[in-house]
Amino acid sequence: MLKRMPNLKRRKKTPVEESAPVDISRLDIRIGRIVSAKNHPDADTLFVEDVDVGEATNRTILSGLVKHVPLEQMQNRLGVFVCNLKPTKFRGILSQGMIMCAETKEQIELIDPPPGCVPGDRVEFDGYPGTPDAQLNPKKKVWEQIQPDLRIDDNGVATYKGVPFTVEGKGICKSATMRNSPIK
């Protein structure tokens, strides 16, 4: 006698997961205001930042900028943030995003939004109109595939494959002093 196998339900991929190209449109990049920043109580190289990214509550975001940016310069300033990375604990504190910086071995500098930006403004890229993932799946390595194409150009403009980081109606995001450097 043959036994019938139970009907195992397999999770079907959503059309977005199957067809979404791996490009900058998958990232939820927004302008945020660092409301306050302090040193991490258990890590000498980390700041713990309270960040307004235009949501009902602020996010806690950790960054390894202690040796590169004075704490005073992290207070009440605008920045460019990736908001759909999977939250990760660093030394016991959950980080809910990442601040974007121009970076070389010698120097790290925060990317500045254009004047007139407010927390929650979305950074867009001409030619990449897709909708960001709700949360990036770390197993798919989307950030790791996109990051090598993020650069500060000769004019200090933050770009993805040469396309400027743009806040509609307000302008482009820039690095104050760095040129020809990767964005991390």
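Look a little higher up for the structure.
Everything in this summary refers to the structure shown in the same document. (Residues numbered from 1 in each chain as written. Predicted model: local features only at pLDDT ≥ 70, side-chain atom pairs only at ≥ 80, totals over all residues. Heavy atoms only, no water.)

Some thoughts on the overall build of the protein chain
Per the secondary structure count, the protein chain includes two helices and 16 strands. For the protein chain, the residues scored as buried account for 39% of the 184 residues in total. For the protein chain, long-range pairs separated by at least 24 residues make up 66% of all intrachain contacts whose partners lie at least 6 apart in sequence. Of the roughly 11,000 Å² of accessible surface on the protein chain, a fraction of 51% belongs to carbon and sulfur atoms. (Helix = DSSP H or I, 4+ residues; strand = E, 2+ residues; numbered from the N terminus. Buried < 20%, exposed > 50% of the residue type's maximum accessible area, 1.4 Å probe, protein only. Contact = heavy atoms within 4.5 Å. Areas by Shrake-Rupley, 256 points an atom, 1.4 Å probe, with all protein chains shown as cover.)

Considering the packing of aromatic side chains
One pass over the structure, following the stated rule, counts three aromatic pairs. Their ring planes at 75 degrees and their centres at 6.4 Å tell us that F125 and Y160 sit as a pair that is edge-to-face. Residue F125 is located in the loop between β10 (123-124) and α2 (142-146), and its partner Y160 is located in strand β12 (residues 158-160); the two are separated by 35 residues in the primary sequence. The pair F125 / Y160 is uniform in exposure class, with both members buried. Here F125 and F165 contribute two aromatic rings whose centre-to-centre distance is 4.9 Å and whose plane-to-plane angle is 75 degrees, an arrangement assigned as edge-to-face. On the criterion of sequence distance, the pair formed by F125 in the loop between β10 and α2 and F165 in the loop between β13 (163-164) and β14 (166-167) is long-range, its members being 40 residues apart. Neither residue differs from the other here; F125 and F165 are each classed as buried. One aromatic cluster is present, formed by F125, Y128, Y160 and F165 through successive ring pairs. (Phe/Tyr/Trp six-rings, centres within 6.5 Å; stacked < 30°, edge-to-face > 60°.)

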